[in-house]
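A structural walkthrough
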Amino acid sequence: LSAGMVVFGSLVPWRGEWYWAGAQRMLQPRTEAELGTLRESMFKSSAPIAFRYCPAELEKARGIARDYHGQFVAHYGNDLVVFPDGNAYAASEKARMLRQRELMNAPAELPELSFNLPSHILKHQGGIALFSYPEEGCESFMFFEHLLSGLRKKGHRMNEGEIESVRNFMEEADISPSFVHRVVREHGPESILSLYGLSDVPPAAALEMILRRHKGHFYRKRYPALSLVNV
């Protein structure tokens, strides 16, 4: 090492100390402008990693996420909205994003908003639910009609499609416990507990067991999946 060199890598906290994680790259001395560019690129490409070390930017990102959630609720009138098909979902979300641009007083010279979805989503006919909450932003779930149909049966005589939707809802890694709790508050946990053979366990404890089994990563410290620029 020599004075002015930059070590590019990751640190992890452990019992009050910091340890290197993975490989490190040694960079020759950089100017202040170059360091600023390097820093900004980290927030663009690896923001959740950068947030570990930058409390001010982390709080800024969380504030943006809270504002984004507030705009979602103001637009739809709820934190959970269900679309009948993929085309309705795409059209409504594009309209919402255009409205957000207006609220942000975005420059007029910005390119036309593009909101392109894969064909299997656009062609979907089984209901798409979109859920927003301050900590994580938006989550979506397809075949929501099957899920609701299964939950309304309270664990009795669910068909294969309903069983598959309930199981996917509980086991998909991208569906948060907050989304699950939001749906369960309205439709009850009976079908979920029956599917996992936990009908005789107190409902709150049983649901928590399932969530921690399949969504344990949500119970560890998490950082916003939000890239910041001009930090």
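Reference entry: report on the structure contained in this document.

Definitions and limits used
- Residues numbered from 1 in each chain as written.
- Predicted model: local features only at pLDDT ≥ 70, side-chain atom pairs only at ≥ 80, totals over all residues.
- Heavy atoms only, no water.
- Salt bridge = Lys/Arg side-chain N within 4 Å of Asp/Glu carboxyl O.
- Helix = DSSP H or I, 4+ residues; strand = E, 2+ residues; numbered from the N terminus.
- Buried < 20%, exposed > 50% of the residue type's maximum accessible area, 1.4 Å probe, protein only.
- Pairing = 2+ DSSP bridges.
- Axes fitted to C-alpha atoms, helices over the stretch in contact; angles between N-to-C directions.
- Contact = heavy atoms within 4.5 Å.
- Core = buried A, V, L, I, M, F, W, Y, C linked by side-chain atoms within 4.5 Å.
- Expected span 1.5 Å × (residues − 1).
- Phe/Tyr/Trp six-rings, centres within 6.5 Å; stacked < 30°, edge-to-face > 60°.
- Lys NZ or Arg CZ within 6 Å of the ring centre and 35° of its normal.

Attention now goes to the pattern of salt bridges. Note that side chains of opposite charge can pair when their charged atoms are close. By the definition in use, this model includes eleven salt bridges. Two residues, lysine 44 and glutamate 40, come together in a salt bridge whose shortest N-O distance is 3.4 Å. Separated by four residues within a single helix, lysine 44 and glutamate 40 lie in helix H1 (residues 32–45), roughly one turn from each other. Judged by its relative accessible area of 46%, lysine 44 is partly exposed. Note that glutamate 208 is salt-bridged to arginine 212, the shortest N-O span being 3.1 Å.

The sheet built from three strands is open, its strands ordered S3-S4-S5 with antiparallel pairing. Two strands lie at the open edges of the sheet, namely strand S3 (80–83) and strand S5 (137–142), each paired on one side alone. The sheet shows a mean angle of 20 degrees between the axes of neighbouring strands, taken without regard to direction. Summarising the sheet, S3 and strand S4 (residues 128–133) pair through four bridges and their orientation is antiparallel. Note on S4: the bridge partner recorded for valine 82 is alanine 129. Against the sheet, helix H3 (residues 55–76) makes contact with S3, S4 and S5, and its axis sits at roughly 135 degrees relative to S4, the strand it touches most. Here helix H6 (residues 144–152) sits on the sheet and contacts S3, S4 and S5; the angle it forms with S5, its principal contact strand, is near 80 degrees.

For lysine 215, the position within the fold is in the segment after helix H10 (203–214). Those residues in contact with lysine 215 that sit more than four places away from it in its chain are Phe169, Met170, Glu171, Glu172, Ile175, Ser176, Pro177 and Val180.

With that out of the way, let us pick up the nonpolar core. Counting residues in hydrophobic clusters, the biggest one holds 27 residues, and the most contacted among them are Phe144, Phe169, Met170, Phe179, Val180, Val183 and Ile192. The set of elements that each furnish at least two residues to this core consists of S4, H6, helix H7 (160–171), helix H8 (177–187), helix H9 (190–195) and H10. Judged by nonpolar contacts, the second largest core, of ten residues, contains Phe72, Phe83, Ala90 and Leu130.

Spanning 22 residues, H3 covers 32 Å between terminal C-alpha atoms, matching the ideal 32 Å at 1.5 Å per step. The complete set of buried residues in H3 reads Glu57, Leu58, Ala61, Gly63, Ala65, His69, Phe72 and Tyr76. Taken together, the buried residues of H3 touch H1, S3, helix H4 (86–103), S4 and S5. Residue glycine 77 follows H3 closely and has a positive phi angle near 80 degrees.

The topology assignment puts glutamate 162 in helix H7. The buried category is assigned to glutamate 162, whose relative accessible area is 4%.

On to the packing of aromatic side chains. Under the criterion given, the structure shown has nine aromatic pairs. Relative to tyrosine 133, the ring of phenylalanine 131 lies with its centre 5.3 Å away and its plane at 20 degrees, an arrangement referred to as stacked. Here a set of aromatic residues connected by ring pairs shows up, and it is made of Phe131, Tyr133, Phe141, Phe169 and Phe179. The cationic tip of arginine 167 hangs over the ring face of tyrosine 196; the distance from NZ or CZ to the ring centre is 5.6 Å. Across the ring face of tyrosine 219, the terminal group of arginine 212 is positioned such that the distance to the ring centre comes to 4.0 Å.

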